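Residues per chain, in single letters:
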Amino acid sequence: MRRLDGDHRRARAARIGRVPPDARLRATFDVAAETYQDARPDYPGELYADLLAITGLRPPARLLEVGCGPGKATVPLARRGFTVTAVELGPALAEEARRRLTGYAGASVVTSAFEEWEPPAGVRFDLVYAATAWKWVDPAVRYDKAAGLLAPGGHLAVWNADHALPVGFDPFFAEIQKVYEEIGEGHPGPWPPPEDRADPTAAEFAASGRFTVVAARRYLWALRYTADAYLALLDTFSGHIAMEPDKRAHLYREIRRLLAARPDGRLTRHWSAVLTVGRRS
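Residues numbered from 1 in each chain as written. Predicted model: local features only at pLDDT ≥ 70, side-chain atom pairs only at ≥ 80, totals over all residues. Heavy atoms only, no water.

A.B. asks: For this particular structure, what's the right way to read the overall build of the chain?
C.D. replies: When you go through the chain residue by residue, the secondary structure sums to 12 helices and eight strands. Taking 2.2 N^0.38 as the reference for a compact globule, 281 residues should give roughly 19 Å; the C-alpha atoms of the chain span a radius of gyration of 19 Å, in line with that estimate. Partitioning the contacts of the chain with sequence separation of at least 6, the portion at a separation of at least 24 is 78%. Carbon and sulfur atoms provide 52% of the accessible area of the chain, an area that totals close to 13200 Å². Of the charged side chains in the chain, 38 are positive and 35 negative, and the gap between their average positions amounts to 5 Å. (Helix = DSSP H or I, 4+ residues; strand = E, 2+ residues; numbered from the N terminus. Rg over C-alpha atoms; globule rule 2.2 N^0.38 Å. Contact = heavy atoms within 4.5 Å. Areas by Shrake-Rupley, 256 points an atom, 1.4 Å probe, with all protein chains shown as cover. Lys, Arg positive; Asp, Glu negative; His and termini not counted. Charge placed at Lys NZ, Arg CZ, Asp CG, Glu CD.)

A.B. asks: In this structure, what is going on with the UniProt feature "domain: Methyltransferase" (unreviewed entry) in the chain? I would like to understand it.
C.D. replies: Under the UniProt annotation, the feature "domain: Methyltransferase" (unreviewed entry) is placed at residues 64–154. Counted over residues 64–154, helix gives 25% and strand 29%. Its end C-alpha atoms are 11 Å apart. (UniProt positions renumbered as here; feature names shortened; annotations may be inferred.)

A.B. asks: How should I be thinking about the environment of Ala157 in this particular structure?
C.D. replies: Note that Ala157 resides in strand S5 (residues 150–159). The class for Ala157 is buried, based on a relative accessible area of 0%. It is 9.2 Å that separates the C-alpha atoms of Ala157 and Thr55, two residues lying 102 residues apart in sequence. Beyond its immediate stretch of four places on either side in the chain, Ala157 contacts Leu51, Leu127, Val128, Tyr129, Ala130, Leu275, Thr276 and Val277. (Buried < 20%, exposed > 50% of the residue type's maximum accessible area, 1.4 Å probe, protein only.)

A.B. asks: I tried to follow the pairing of strand S3 (residues 107–111) on my own but got confused; where do I start?
C.D. replies: On a regular strand, one side chain projects to one face of the sheet and the next to the other, so that they alternate. Pairing of strand S2 (residues 83–88) with S3 involves five bridges; the strand directions are parallel. Looking across to S3, one finds that Glu88 is bridged to Thr111. A crossover links S2 with its parallel partner S3, the connecting element being helix H6 (residues 91–100), and its sense is right-handed. (Pairing = 2+ DSSP bridges. Right-handed = clockwise from strand over helix to strand, strands pointing away.)

A.B. asks: Explain the pattern of salt bridges here, please?
C.D. replies: Any two side chains of opposite charge can pair if their charged atoms end up close together. Within this structure, the stated rule accounts for 14 salt bridges. Between Asp50 and Arg217 there is a salt bridge, with the nearest N and O atoms lying 3.4 Å from each other. Here Arg217 lies in strand S7 (residues 211–226) and Asp50 lies in helix H4 (residues 45–55), a separation of 167 residues in the sequence. When its relative accessible area of 16% is taken as the criterion, Asp50 is described as buried. (Salt bridge = Lys/Arg side-chain N within 4 Å of Asp/Glu carboxyl O.)

A.B. asks: When you look at the confidence of the model for the chain in this model, what are you seeing that I'm missing?
C.D. replies: Fine structural detail should not be taken from predicted coordinates in areas where pLDDT scores are low. A residue-level look at the chain finds 93% of positions with pLDDT of 70 or above and a mean pLDDT of 92. Counted against residues more than four places away or in other chains, residues 1–17, with its pLDDT under 50, gives 28 contacts. (pLDDT = per-residue confidence, 0-100.)

A.B. asks: Any chance you could explain the nonpolar core here in plain terms?
C.D. replies: Within soluble globular proteins, side chains that are nonpolar tend to cluster in buried spots. With 48 residues, the main nonpolar core has Trp159 and Ile255 as its most contacted residues. Every element with two or more residues in this core is listed here: H4, strand S4 (125–131), S5, helix H8 (172–182), S7, helix H10 (227–234), helix H12 (245–260) and strand S8 (266–280). In this structure, Ile255 is in contact with Phe172, Ile176, Tyr230, Leu231 and Leu234, ignoring residues within four places of it in sequence. Core analysis: the next-biggest nonpolar cluster, separate from the first, contains 21 residues, Leu64, Val128, Leu150 and Phe211 among them. (Core = buried A, V, L, I, M, F, W, Y, C linked by side-chain atoms within 4.5 Å.)

A.B. asks: Explain unusual backbone geometry here, please?
C.D. replies: Note: most residues except glycine have negative phi, and most peptide bonds are trans. Omega for the bond connecting Pro59 with Pro60 falls within 30 degrees of zero, at 5°, which places this linkage in the cis form. Of note, the bond from Trp191 into Pro192 is cis; its omega dihedral lies within 30 degrees of zero at 0°. Among the secondary structure elements, Pro192 is positioned in the loop between H8 and helix H9 (201–208). In the Ramachandran plot, Thr132 falls in the positive-phi region, its phi being about 55° despite a non-glycine side chain. With respect to the helices and strands, Thr132 occurs in the loop between S4 and helix H7 (142–149).

A.B. asks: I would appreciate a short explanation of the packing of H10 against H12 in the present structure.
C.D. replies: Think of two packed helices as two axes; the pair is described by the angle between the axes and how far apart they sit. Two elements in contact, H10 and H12, have axes whose closest approach is 10 Å; the angle formed by their N-to-C orientations is 150°. The orientation of H10 with respect to H12, classified from their angle, is roughly antiparallel. Judged by the twist between their axes, the crossing of H10 over H12 is right-handed. Contacts from Ala227, Asp228, Tyr230, Leu231 and Leu234 in H10 reach Tyr252, Ile255, Arg256 and Leu259 in H12. (Axes fitted to C-alpha atoms, helices over the stretch in contact; angles between N-to-C directions. Parallel < 35°, antiparallel > 145°, perpendicular 65-115°, else oblique. Left-handed = near helix turned anticlockwise from the far one by under 90°.)

A.B. asks: Explain the side chain of Arg40 to me, please; I cannot follow it from the model alone.
C.D. replies: Tracing the chain through its elements places Arg40 in the loop between helix H3 (36–39) and H4. Look at Arg40: it is buried, it has no salt bridge, and the nearest opposite charge is Asp162 at 7.6 Å. At a separation of 2.7 Å, a polar atom in the side chain of Arg40 contacts the side chain of Thr236. Residue contacts for Arg40: discarding those within four places in its chain leaves Phe29, Lys72, Thr132, Leu233, Thr236 and Phe237. (Polar contact = N/O pair within 3.5 Å; in protein donor to acceptor, adjacent residues only side chain to side chain.)

Here it is in structure tokens:
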């Protein structure tokens, strides 16, 4: 596997247009290990169906998941009979994933940063994938490392779960955005963000020189949340976990106040996921 020194890593990060992740924020998720699985949305079933159709994978193909968290995207593929090795930085999250994967003999969880992990000698994978985790891996390392871990013809798949604000989005988010701005936690750039903005992942795949993009698909869905459920969701986001306690308390009070004024006390949040699949060059 090709290794890069510090200067080469920085140059590579600059070339693909991304900076290394914030190590402090990257480590915050472990405190939400017990609530993350239930608070975060499930990925659409259509996404998994497309992933398997695009890659042509069939059980018991060998998969490697980067940043599995508590197993949100691990269990659905282990359930299908795939052999899954999941790498997770947070010890509490890794333990939660092991608990949820009990009964799936082909699934295992390793507690490690992906950048530092090495497989057993001679082991290569048919798919490396990351669900809402890829941005937390050093961009100067991730594409070379993923390519080196793949068997010939293997694929890299990356997807996310982001807040979407389509035409007609719930006005709650315009109201609460004012509170974020008041406490100095406003959204950088224009708000609401334009819905037609391009996802950068396919361009990053190409810029890495290690993968040929074979598919990019977008999925949009909506979920209803009570105040308690929505605050539980926010408690799994790195920015909210790391937020100063006084700011967070004020924000959460305002969320409860706004939702208490609604007849059903609920909000609608739209989610967007972009699946990008590349074949190893």
